[in-house]
Amino acid sequence: TAPEWKTIAAGGKVLQVVPGTTTTATTVATTTYTDTTLTATITPSLSTSKILALVNLYFEGQRSISNFYYKARLMHASTEIAAYDGIGVNTGGGLTIISDIFNLTYLDSPSTTSATTYKLQGAVQDTANSSTMTFQKYNYVSSILLLEIGA
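Residues numbered from 1 in each chain as written. Predicted model: local features only at pLDDT ≥ 70, side-chain atom pairs only at ≥ 80, totals over all residues. Heavy atoms only, no water.

1. Observations concerning unusual backbone geometry
Heads up, the rule is: Strands are runs of DSSP state E lasting at least two residues, helices are runs of H or I lasting at least four, and both sets are numbered from the N terminus onward. Categorising residues by exposure relies on relative accessible area from a 1.4 Å probe, with only protein chains included: less than 20% of the type maximum marks a residue as buried, more than 50% marks it as exposed, and the intermediate range marks it as partly exposed.
The phi angle at Y138 is positive, at roughly 60°, despite the residue not being glycine. Residue position: Y138 is located in the loop between strand 9 (132-135) and strand 10 (142-149). One non-glycine residue, N139, lies in the positive phi region at around 60°. Overall, N139 belongs to the exposed group, its relative accessible area being 53%.

Shown next as structure tokens:
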């Protein structure tokens, strides 16, 4: 018999891509989450769409003793949707300086066709021993890429 041709299902297609970048240095020396200036806004075309957020957040952390722990989170509007606490390093020595890129991938279901802003925030685990984090230090680029995926 002859092959039958069928229409491919609509789900799973990338409907739009919205990039966001920043090189603005932001220093955080508090346990309170602070905006890093990395943000992007997307307006989903369907309320059933999912938003795939791909994040590369450059930072440098410093503390005057041998360990350093930081926190980072992804926000959807004013709601935390992904958090990473207690991430860090223990050098076993004195002054600790770490430079790294925090990578995050998150699939969100915003259930809206309104403009939706995604942003990254960071904080130090504690303020003792001169703990600081500087995002985009030396004007390095941090980026967020939002992909609308059709349901």
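2. As for the environment of A115
What counts is decided by this rule: By definition, residues are in contact when any of their heavy atoms lie within 4.5 Å.
Its place among the elements puts A115 in the loop between strand 7 (96-108) and strand 8 (116-124). Overall, A115 belongs to the exposed group, its relative accessible area being 54%. When the C-alpha positions of A115 and T30 are compared, they lie 30 Å apart, and in sequence the two are 85 residues distant. If we ignore the near neighbours within four places in the chain, the residues touching A115 are T41, I42 and T43.

3. Considering the pattern of salt bridges
Operational definition: By salt bridge we mean one thing: a side-chain nitrogen of Lys or Arg within 4 Å of a carboxyl oxygen of Asp or Glu.
As enumerated under the stated definition, the model contains four salt bridges in all. The salt bridge involving D35 is made with K119; its shortest N-O contact spans 3.3 Å. Here D35 is found in strand 3 (residues 34-42), whereas its partner K119 is found in strand 8, with 84 residues between them in sequence. When the shortest N-O distance is used, the salt bridge between E60 and K137 registers 2.9 Å. Here K137 lies in the loop between strand 9 and strand 10 and E60 lies in strand 4 (residues 50-63), a separation of 77 residues in the sequence. Its relative accessible area of 9% is what places E60 among the buried residues.

4. A word on the environment of L104
Within the fold, L104 resides in strand 7. Note on L104: relative accessible area 3%, which makes it buried. Once the C-alpha coordinates of L104 and A72 are considered, the two residues, 32 residues apart in sequence, prove to be 9.9 Å apart. Excluding anything up to four places from it in sequence, L104 contacts A53, L54, V55, L74, A82 and Y84.

5. Details of the nonpolar core
Side chains of nonpolar character tend, in soluble globular proteins, to be buried together. This is how it is decided: Grouping buried Ala, Val, Leu, Ile, Met, Phe, Trp, Tyr and Cys residues that are joined through side-chain atoms within 4.5 Å yields what is termed a nonpolar core.
With 26 residues, the main nonpolar core has L74, Y118, I144 and L146 as its most contacted residues. Listed by contribution, the elements that provide at least two residues to this core are strand 3, strand 4, strand 5 (67-76), strand 6 (79-90), strand 7, strand 8, strand 9 and strand 10. Top element by residues in this core is strand 4. It accounts for five residues.

6. Focus on the packing of aromatic side chains
Convention followed: Within 6.5 Å between ring centres, the rings of Phe, Tyr and Trp (the latter by its six-membered ring) count as paired, and their orientation is classed by plane angle as stacked under 30 degrees, edge-to-face over 60, tilted in between. Charge-over-ring contacts are defined here by two conditions on Lys NZ or Arg CZ: a distance within 6 Å of the ring centre and an angle within 35 degrees of the ring normal.
In total, this model carries six aromatic pairs according to the counting rule given. Judged by centre distance (5.5 Å) and plane angle (70°), the rings of Y84 and F102 are edge-to-face. Separated by 18 residues along the polypeptide, Y84 in strand 6 and F102 in strand 7 bring together distant segments of the chain. The exposure class assigned to Y84 is partly exposed, which follows from its relative accessible area of 32%. Aromatic rings pair up to connect F59, Y70, Y84, F102 and F135 into one cluster. Above the ring of Y33, the side-chain terminus of K71 is found at 5.2 Å from the ring centroid.

7. As for the environment of T39
We apply this condition: Polar contact is the term for a pair of N or O atoms within 3.5 Å; when the atoms are in protein, one must be able to donate a hydrogen and the other to accept it, and sequence-neighboring residues count only if both atoms are side-chain atoms.
Position of T39 among the secondary structure elements: in strand 3. On the basis of relative accessible area, T39 is assigned to the partly exposed category, the value being 37%. When the C-alpha positions of T39 and Q121 are compared, they lie 9.6 Å apart, and in sequence the two are 82 residues distant. If we ignore the near neighbours within four places in the chain, the residues touching T39 are G20, T117, Y118, K119 and I144. Within the local environment of T39, its side chain forms a polar contact with the backbone oxygen of Y118, the two atoms lying 3.1 Å apart.

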